[in-house]
Amino acid sequence: MSRLAQNGGPILVTGGKGQLATSLVNLGGPRIRCVGRPDFDFDKPETIAATLNAIKPVAVVNAAAWTAVDLAESEQDGAARANATGPEELARLCAEHGIPLIHVSTDYVFSGDKGAPYVETDPVSPETVYGRTKAEGESKVLAANPKTIVLRTSWVYSAHGKNFVRTMINAGAKNPALKVVGDQKGNPTSSDDLADAILSILAVIEKDGWKDSFAGIYHACGTGETTWHGLAVAALQDAATHGQTMPDVTAIRTQDWPTPAKRPADSRMDNSKLTRVFGVTMPAWQESVRKTVHQIFAQTA
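Throughout what follows, the structure given in this document is the object of discussion.

Cut-offs used in this document
- Residues numbered from 1 in each chain as written.
- Predicted model: local features only at pLDDT ≥ 70, side-chain atom pairs only at ≥ 80, totals over all residues.
- Heavy atoms only, no water.
- Buried < 20%, exposed > 50% of the residue type's maximum accessible area, 1.4 Å probe, protein only.
- Helix = DSSP H or I, 4+ residues; strand = E, 2+ residues; numbered from the N terminus.
- Arc of directions from axis to C-beta.
- Contact = heavy atoms within 4.5 Å.
- Expected span 1.5 Å × (residues − 1).
- Phe/Tyr/Trp six-rings, centres within 6.5 Å; stacked < 30°, edge-to-face > 60°.
- Axes fitted to C-alpha atoms, helices over the stretch in contact; angles between N-to-C directions.
- Left-handed = near helix turned anticlockwise from the far one by under 90°.
- Nonpolar A, V, L, I, M, F, W, Y, C, P; charged D, E, K, R; others polar.
- Polar contact = N/O pair within 3.5 Å; in protein donor to acceptor, adjacent residues only side chain to side chain.
- Pairing = 2+ DSSP bridges.
- Core = buried A, V, L, I, M, F, W, Y, C linked by side-chain atoms within 4.5 Å.

Let's talk about helix 2 (residues 46-55)
Item 1. Among the residues of helix 2, those classed as buried are Thr47, Ile48, Thr51, Leu52 and Ile55. Down the axis of helix 2, the sector holding all buried residues measures 135 degrees, keeping them to one side. Opposite the packed face of helix 2, turned more than 90 degrees from it, sit the exposed residues Glu46 and Ala54.
Item 2. Looking at the buried positions of helix 2, the neighbouring elements they touch are strand 1 (11-14), strand 2 (32-35), strand 3 (59-62) and helix 4 (76-96).

In C-alpha cells form, the structure reads like this:
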C-alpha cells in the first residue's frame, strides 16, 4: 500500500530495473514513473532534461548509480559520470524547476575504521573509486539543489535482481559447504524497506510542504548489525524453513577473499536522524531478510 496520496503529480524514479527502482514501482502506486537507459542515461546529459520535460515530476528519486564496485577501479570515468557529474546535472535541472530530489548514496563513503556506527556529521573517507565518486556525488547534488535529501544506505538486497541474499540461496542450493567473509560489519538493507522509507519522506514533504530543515544527509539502512557471514547464515536458515537443505557455512577473513576494491571493515551507520526528522524507523534486518526469502521462494512455488 503506497504512502503517497493518489491524486498528486508524478514521482520520477531513475534506475531502470534496479533493486530500489523496482521496489519503488511495486510499492509506490501509479504515481511512480520509472526511467532507465537508454531513455534516461547519465552518459547522455540531454536525456536528463528531456525526461524531466516529458514527465514534469513533482519530486525525483535518483536510484541510478554505478554499483559495480570492483569494475569502478578500472572504469573511473564511467563511475564518475554515473555517480557524480550525472546526478549533479539532474540536481541542477531539478533546482531550476523547484523540484525536491532524493539522492541515494552508500556506506562506502566511509573507510570503515571508526569502530562505531557512523553518523551523518562524520567526515567521509572513501577508499575506493566507487566510494569516492559517490562522496563527490553527495556534495555535488547538495550544492546544486537546495531541495536535496541524500540517503546513505548499505548492503541492499531484495527478492529481485542480483544481490547477496539471492546469491547465497542459489549457492546453498547447489553446494553442501560455503565460505563467506566474516570480518566485515554492516547493516543489511531490504530494498523494499528503503523504498518504504522514501515514500514516507515524500508523504511528509507533500503533507507539510518543503522545509529547508529537510535538506541534507540521512542514513537509511536496516536496523541492527551483522557480518556477511551472519547475513548468509540467516538467509540460508530462512531458506531451510522452505525445504532447502542447510549447507555448512564457514566464516573466512577478508584477506582470504581478495577483491580489486577494498571493502570497509565496519561500515555500520546510525539511523536516528531519519527517525528524528521524518519519523521513519527502519525495520530490523533479520525480519526483512525473512520476508525477502519468503518472497524468493514464493516466486518459484
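The discussion continues.
Notes on helix 8 (residues 228-240)
Item 1. Over its 13 residues, helix 8 extends 18 Å from the first C-alpha to the last, a length consistent with the 18 Å expected when each residue adds 1.5 Å.
Item 2. Helix 8 sits mainly inside the fold: 11 of its 13 residues count as buried.
Item 3. Of all the residues in helix 8, the buried ones are Trp228, His229, Gly230, Leu231, Ala232, Val233, Ala234, Ala235, Leu236, Asp238 and Ala239.
Item 4. Buried residues belonging to helix 8 abut helix 6 (164-174), strand 7 (177-181), strand 11 (226-227), strand 12 (248-252) and helix 10 (285-300).

Some details on the packing of aromatic side chains
Item 1. A complete count under the given rule lists 8 aromatic pairs for this structure.
Item 2. Taking the centre distance of 3.9 Å and the plane angle of 5 degrees together, the rings of phenylalanine 110 and tyrosine 118 count as stacked.
Item 3. The class of phenylalanine 110 is buried, set by a relative accessible area of 1%.
Item 4. Plain terms: the ring middles of phenylalanine 164 and tryptophan 228 are 4.8 Å apart, the flat faces sit at 55 degrees to each other, and that makes the pair tilted. Linking phenylalanine 164 in helix 6 with tryptophan 228 in helix 8, this pair joins segments that are 64 residues apart in sequence.

Points about the packing of helix 2 against helix 4
The relative placement of two packed helices is expressed as an angle between their axes plus a distance between the axes.
Item 1. Put simply, helix 2 and helix 4 touch, their axes get as near as 10 Å, and they point 35 degrees apart. At the point where helix 2 passes helix 4, the crossing takes the right-handed sense. On the side of helix 2, the interface is formed by Ile48, Ala49 and Leu52, while helix 4 contributes Gly86, Glu89, Leu90, Leu93 and Cys94.
Item 2. Looking at side-chain class alone, the contact of helix 2 with helix 4 contains 6 nonpolar, 1 polar and 1 charged residues.

With respect to the side chain of threonine 153
Item 1. Structurally, threonine 153 is set in strand 5 (residues 148-153).
Item 2. You can call threonine 153 buried: its relative accessible area is 6%.
Item 3. A polar atom in the side chain of threonine 153 sits 2.8 Å from the backbone oxygen of alanine 220.
Item 4. Contacts of threonine 153, omitting those with residues within four sequence positions, involve Val104, Ser105, Thr106, Asp107, Thr189, Leu194, Ala220, Cys221 and Met269.

Details of the sheet that holds strand 1
Item 1. Overall, parallel pairing links the 6 strands, which are arranged 2-1-3-4-5-10 in an open sheet. Each end of this open sheet is capped by a strand with a single partner; those strands are strand 2 and strand 10 (216-219). The sheet shows a mean angle of 20 degrees between the axes of neighbouring strands, taken without regard to direction.
Item 2. Summarising the sheet, strand 3 and strand 4 (residues 101-106) pair through 3 bridges and their orientation is parallel. Residue pairing for strand 4: valine 61 is matched across the bridge by isoleucine 102.

Some points on the nonpolar core
Item 1. Membership of the largest hydrophobic core comes to 29 residues, with the highest contact counts inside it found for Ile149, Leu151, Ile198 and Leu274.
Item 2. Elements that contribute at least two residues to this core include exactly strand 1, helix 1 (19-28), strand 3, strand 4, strand 5, helix 7 (191-208) and helix 9 (272-278).
Item 3. The biggest single contributor to this core is helix 7, with 8 residues.
Item 4. Among residues more than four places away in sequence, those in contact with isoleucine 198 are Leu20, Leu24, Val61, Ile102, Val104 and Leu151.
Item 5. One finds Val180, Trp228, Ala234 and Ala239 within the second-largest nonpolar core, a separate group that totals 23 residues.

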